[in-house]
Amino acid sequence: MSVWQLFLSMLERLGIIVMMAFLLTRLPYFRRLIYQQDVGRVQRFIFMIIFGLFGIIGTYTGLTIDVETAEISKWESELKEEEAIANSRVIGIVIAGLLGGWRVGLGAGIIAGGHRLFLGGFTAVACGVSTMLAGAIAGLIYHRNKRTSVLSPIIALIVGMIAEALQMLIIVLTAKPFELAWELVKEIGVPMIVANGIGSAIFILVIHNVFQEEEKQGALQAEKAMRLAEATVSHLRNGLTPESAKAICEIFIKEVSSVAVAVTDRTRILAHVGAGADHHFTNEPIQTETTRRVIETGEMLVVREHVICHHQNCPLQNAIIAPLKQKEETVGTLKFYFQSEADLSSITFEFVKGLSSLLSLQLEIAEAEKYFQLMKEAEIKALHAQVQPHFLFNALNTIVSCIRINPNQARQLLLSLAHYFRKNLASSTELLSTLEEELKHVKAYLTIEEARFQDKLRVIYDIEDGFERLALPTMTLQPLVENAVKHGLRHMKKGSQIEVRVHSDQKKVRISVSDNGKGMDKEKAAALLQKPVSSPHGAGIGLYNVNERLKLLLGEHVQLSIVSEVDKGTIVYIDIPHRLEEEERINN
């Protein structure tokens, strides 16, 4: 048989390996091994056995070659001394090392190489040892490269060819007699090196197909989650109620392959649609211990054949239960029930997790809207009412855009917006606050503005410790910062900077807010503190009122001072004497 004919015969036998690889990748357990999910010692051992068996199959599907007579036969279970095998054993071993590391590769190599030793032939030792080395070498490449690059068909091709070339070298160096070893390598060396390299690359392509399929399904699930989230926005505007929960469940059960969907609050069932609705009624207490556990821990839970219900013939046995949260507190659960355990895939888990996160964000938005309604209804003094509508709408638009691309940032912005409104509402009844609370209010405001303007705005905090309890009139710092933001951003396309500093010397504590904006002349700066100055951009009224309240509540000697220069920015100072600072601490 010519070298070309031998090469074609080797490629024919690779079809068996590739077919088995494809069938294995259809199994959920094998996919979890490929994804390296929860892989421990037991899983590694199973991995070794699977690919060790691949190596053994590669041996048995090889071509038995009698080097002396040049005869070729198939499916030999025992070799004569002058016989050797042209095989694809190394493919399974190389893949084991690339996917599982050197321990898995070496373990699979020991299994397949040990089997080859028992078959006999003058190359038995050389082939057995080289098989073990191939697994270890592939595993070392796994550790030296990132996982994404290891799963490259090119790398698999190169490693497969190197492993087979190493086997040819070991045969030439160790197999006896040398003449037979040399004749064997000349006859089968090139076909085996090329065929096994190609086989390794094809195997990785099959694995790639699994990843791409999973990613495609994940993308479809993400698109569906966003569509469902949009469909539920209007229902959650009034928060989590039996009516909104029922609407959500009816939407979800039409779109998700589940037998039932339920929503609860912390103590009772708000809605249940689908199987089990004949005994899971609205406003009844939560019936299952698994749901109570999710509420207590705030962690998602996958339940396999263990949904214990008081009803004797309850059909609900498999479920994914996700928490619904507001401000880090679990306020309820979202539950999907499935027909069988096979439906509880990792993709479904991530899909439910995404839905629960989106619903939680919508609940946060609903809470923010409630604060906005309260703010509109309350009779807040002129300064306290300076939360301009465009700021709210810009903030909500920013949050909505972040929900799609960065849910974690959207959640943080919602928390900042909620804190901002809570502080504004509290300021209508509280005369004094602390420096710590004022700084929290400022940071909530600037977090939203930084997200809006992204790289255009830079905020610097330089806060000296020890003055957290320093008393200030409520809503003192936020108007200063808001004016600085508007003054710094209105005429600058980039490079705007706001700095908030708190420092002390032997006589006083100095609080300052500065910007690098357009600035103003001395006359205009002085006029801002003499009387309210109307402005189309809202600056002026806040500074005057802040200054008046400082004098009224802390004394005439505590006032704003403004240092500004055209095109060089503005600094607003508040100086509080240490004597006053100590008195306020005693009073607090």
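As a starting point, this report considers the structure included with it. (Residues numbered from 1 in each chain as written. Predicted model: local features only at pLDDT ≥ 70, side-chain atom pairs only at ≥ 80, totals over all residues. Heavy atoms only, no water.)

With respect to the overall build of the protein
Each helix and strand in the protein was counted, giving 19 helices and 15 strands. Expressed as a percentage of the 588 residues in the protein, the buried residues total 51%. Considering only contacts within the protein whose residues lie at least 6 apart along the sequence, 67% involve residues at least 24 apart. For the protein, the exposed surface amounts to about 28100 Å²; the carbon and sulfur share of it is 56%. (Helix = DSSP H or I, 4+ residues; strand = E, 2+ residues; numbered from the N terminus. Buried < 20%, exposed > 50% of the residue type's maximum accessible area, 1.4 Å probe, protein only. Contact = heavy atoms within 4.5 Å. Areas by Shrake-Rupley, 256 points an atom, 1.4 Å probe, with all protein chains shown as cover.)

So, the packing of aromatic side chains
Tallied over the full model, the rule gives seven aromatic pairs. Judged by centre distance (5.5 Å) and plane angle (25°), the rings of Phe51 and Phe54 are stacked. Of the two residues, Phe51 and Phe54 both sit in helix α3 (residues 41-60), three residues apart, roughly one turn of that helix. Note on Phe51: relative accessible area 0%, which makes it buried. Their ring planes at 70° and their centres at 5.5 Å tell us that Phe54 and Phe203 sit as a pair that is edge-to-face. Of this pair, Phe54 sits in helix α3 while Phe203 is found in helix α9 (residues 178-232), placing the two residues 149 residues apart along the sequence. Residue classification places Phe203 among the buried residues on the basis of a relative accessible area of 1%. An aromatic cluster of three or more residues is present, and its members are Phe47, Phe51, Phe54 and Phe203. Stacked on the ring of Tyr461, the Lys or Arg Lys443 has its end atom at 5.0 Å from the ring centre. Lying over the aromatic face of Tyr573, Arg510 brings its terminal NZ or CZ to 4.1 Å of the ring centre. (Phe/Tyr/Trp six-rings, centres within 6.5 Å; stacked < 30°, edge-to-face > 60°. Lys NZ or Arg CZ within 6 Å of the ring centre and 35° of its normal.)

Quick notes on the sheet that holds strand β10 (residues 457-463)
If you walk across this open sheet you meet the five strands as β10-β12-β13-β15-β14, and the pairing is mixed. On the outer flanks of this sheet lie β10 and β14 (560-565), each paired with one strand and no other. For this sheet, the mean angle separating the axes of adjacent strands, direction not counted, is 10°. Bridge count for β10 against strand β12 (residues 496-504) is seven bridges, and the pairing is parallel. Bridging from a neighbouring strand, Arg458 pairs with Gln497 of β12. Taken strand by strand, helix α15 (residues 435-453) contacts β10, β12 and β13 (508-515), and its axis lies near 160° from that of β10. (Pairing = 2+ DSSP bridges. Axes fitted to C-alpha atoms, helices over the stretch in contact; angles between N-to-C directions.)

A closer look at the packing of α3 against helix α4 (residues 89-100)
Remark: α3 packs on α4, axes separated minimally by 6 Å, with the N-to-C direction vectors making an angle of 160°. Here α3 lies roughly antiparallel to α4, going by the angle between them. Residues Phe47, Phe51, Phe54, Gly55, Gly58 and Thr59 of α3 form the contact with α4, whose own contacting residues are Arg89, Gly92, Ile93, Ile95, Ala96, Leu99 and Gly100. Residue composition of the contact of α3 with α4, by class: seven nonpolar, five polar and one charged. (Parallel < 35°, antiparallel > 145°, perpendicular 65-115°, else oblique. Nonpolar A, V, L, I, M, F, W, Y, C, P; charged D, E, K, R; others polar.)

What about α3?
When the terminal C-alpha atoms of α3 are compared, their 29 Å separation across 20 residues agrees well with the 28 Å that a helix rising 1.5 Å per residue should span. Among all positions of α3, only Phe47, Met48, Ile50, Phe51, Gly52, Phe54, Gly55, Ile56, Gly58 and Thr59 are buried. (Expected span 1.5 Å × (residues − 1).)

A look at the pairing of strand β1 (residues 63-66)
Of the two faces of β1, both are covered, the one formed by Leu63 and Ile65 as well as the one formed by Thr64 and Asp66. Examined bridge by bridge, β1 and strand β3 (residues 83-86) share four bridges and lie antiparallel to one another. For Asp66, the partnering residue across the bridge sits in β3 and is Glu83.

Here's the deal with the sheet that holds strand β6 (residues 301-304)
If you walk across this open sheet you meet the five strands as β5-β4-β8-β7-β6, and the pairing is antiparallel. Across the chains shown, the open sheet's two edge strands, defined by having one partner strand only, are β5 (269-274) and β6. Mean inter-strand twist for the sheet, computed between neighbouring axes without regard to direction, equals 15°. Both strand β4 (residues 260-265) and β5 contribute to a ladder of five bridges, which runs antiparallel. The residue bridging Ala260 from the neighbouring strand is Gly274, located in β5. Along the sheet face, helix α10 (residues 242-255) touches β4, β5 and β8 (329-338) and points at about 25° away from the line of β5.

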